Amino acid sequence: MTVGPSPTMRRRQLGMELRRLREASEKTIEEVARHIGRAPSTVSRIETGKAGARPAHIRAMLDLYGVPEGPERDALLALAKDGRRKGWWSEFDDVLSVDFERYLGYEGGAASLRVYENRLIPGLLQTADYARAALRGVRMYESPDDIERRVELRLRRQEILQPPTSLTLRTILDEAVLRRPIGGPDTMRAQLEHLIRMAQQPNITVQVLPFAHGPHAGLDGPFAVIEFPGTDPDVVYIEGPAGNIYLEKPKDLRRNISVFNHLASEALSSEESMPYIQSVAQEIR
């Protein structure tokens, strides 16, 4: 994986700055759209980081906002240029949705992830055989070649857990994740043993929430809190069959962080979770 600035994050940073400048100059999105000759929806997508922007449009916006030649203008134009670059995942465009490209960009720019799962082992911690079996089950309509491409993509993503990037990953797994047989006994046992090995890394924490706990705050489903370095606002990511959801409002962040912290307090500690996972692996026949 090529380590470097995530173009998704560069677009996001640029969008936040452009919105700040627009609001400071008391311009509406419609006024900006007329000035640069684009639709208001295009301006909105640029400000939310969902779309790259041509340098000519950025220059026109900065002229409208009264940003003179100088370091600030140069920095924003550099962000626009970086935001139009392709991420490492572009080579997998044949099997990637636009929604998930956005997630990969966020993942690539994150400082840490907090992940709760009650369906499958998180993709960053999956073995190739487990990933292959899970994908075959979910995407039974896809060709074997496409499945292999998705497995390759998933394994490439995992490089972010290794130096020099070393993303911090904290994950809480419902016991159902450990006991759902994916790919047969050998595959499942190897996956749980891999999970234990990965949890030994200093940047990875795994906790298990046992069945015995009963009802808990995570029964609504899995989610991830993506935390960025510096002042970039965090994002909650929820993946589902109807599409991926990105929550960025402070109240949504507070609620999901609170749920995660509550689950963490109810789950086994990371030290207690390792022998628990090992015991489940030993039960597999």
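See the structure shown above.
Residues numbered from 1 in each chain as written. Predicted model: local features only at pLDDT ≥ 70, side-chain atom pairs only at ≥ 80, totals over all residues. Heavy atoms only, no water.

**Some words on helix α4 (residues 55-64)**
- Within α4, the full set of buried residues consists of H57, I58, A60, M61 and L62.
- Where α4 is buried, its residues touch α1 (7-24), α2 (29-36), α3 (40-47) and α5 (71-83).
- Just beyond α4, the residue with positive phi is G66, at close to 75°. (Buried < 20%, exposed > 50% of the residue type's maximum accessible area, 1.4 Å probe, protein only. Helix = DSSP H or I, 4+ residues; strand = E, 2+ residues; numbered from the N terminus. Contact = heavy atoms within 4.5 Å.)

**Brief notes about the environment of K249**
- Among the structural elements, K249 can be located in the loop between β6 (245-247) and α11 (250-266).
- The spatial distance from the C-alpha of K249 to the C-alpha of D146 is 35 Å, given a sequence separation of 103 residues.

**Digging into the environment of A217**
- With respect to the element layout, A217 can be found in the loop between β3 (204-209) and β4 (223-227).
- Sequence separation of A217 and N256 is 39 residues, and the distance between their C-alpha atoms is 9.9 Å.
- Sequence-distant contacts of A217, that is, excluding residues within four places in its chain, are made with V259, H262 and L263.

**Some points on the packing of aromatic side chains**
- Across all of its chains, the model carries 8 aromatic pairs by this definition.
- Summarising the aromatic geometry, the rings of W88 and F92 are spaced 6.3 Å apart at their centres and angled 80° between planes, so their arrangement reads as edge-to-face.
- Here the aromatic residues F100, Y103, Y106, F228, Y237 and Y246 are joined through ring pairs into a cluster of three or more.
- The aromatic ring of Y106 is capped on one face by R12, whose charged end is 5.4 Å from the ring centroid.
- Positioned over the ring face of Y246 is R102, at 4.1 Å from the centre of the ring. (Phe/Tyr/Trp six-rings, centres within 6.5 Å; stacked < 30°, edge-to-face > 60°. Lys NZ or Arg CZ within 6 Å of the ring centre and 35° of its normal.)

**What about the side chain of E175?**
- Tracing the backbone through its elements, the reader meets E175 in helix α9 (residues 175-179).
- In this structure the side chain of E175 is engaged in a polar contact, spanning 2.5 Å, whose partner is the side chain of R179.
- Among the polar contacts listed, one links the side chain of E175 to the backbone nitrogen of F211, at a separation of 2.7 Å.
- Setting aside chain neighbours within four positions, we find E175 in contact with V208, L209, P210, F211 and Y276. (Polar contact = N/O pair within 3.5 Å; in protein donor to acceptor, adjacent residues only side chain to side chain.)

**Some thoughts on helix α12 (residues 270-283)**
- With 14 residues, α12 should reach 20 Å at 1.5 Å per residue; the first-to-last C-alpha distance of 20 Å fits that figure.
- Within the span of α12, buried status applies to S273, M274, I277, V280 and A281. The buried residues of α12 occupy an angular sector of 130° when projected down its axis, which confines them to one face. Projecting away from the buried face of α12 at angles above 90 degrees are the exposed residues E271, P275 and Q282.
- In this structure, the buried side of α12 is in contact with α9, α10 (185-198) and β3. (Expected span 1.5 Å × (residues − 1). Arc of directions from axis to C-beta.)

**Quick word on the packing of α1 against helix α6 (residues 98-109)**
- It is at 7 Å that the axes of α1 and α6 come closest, and there the two elements cross at 90°. Looking at the two axes, α1 sits roughly perpendicular to α6. Residues T8, M9 and R12 of α1 lie in contact with α6, whose contacting residues are E101, R102, G105, Y106 and G109.
- Looking at the contact of α1 with α6 residue by residue, the class counts come to 2 nonpolar, 3 polar and 3 charged. (Axes fitted to C-alpha atoms, helices over the stretch in contact; angles between N-to-C directions. Parallel < 35°, antiparallel > 145°, perpendicular 65-115°, else oblique. Nonpolar A, V, L, I, M, F, W, Y, C, P; charged D, E, K, R; others polar.)

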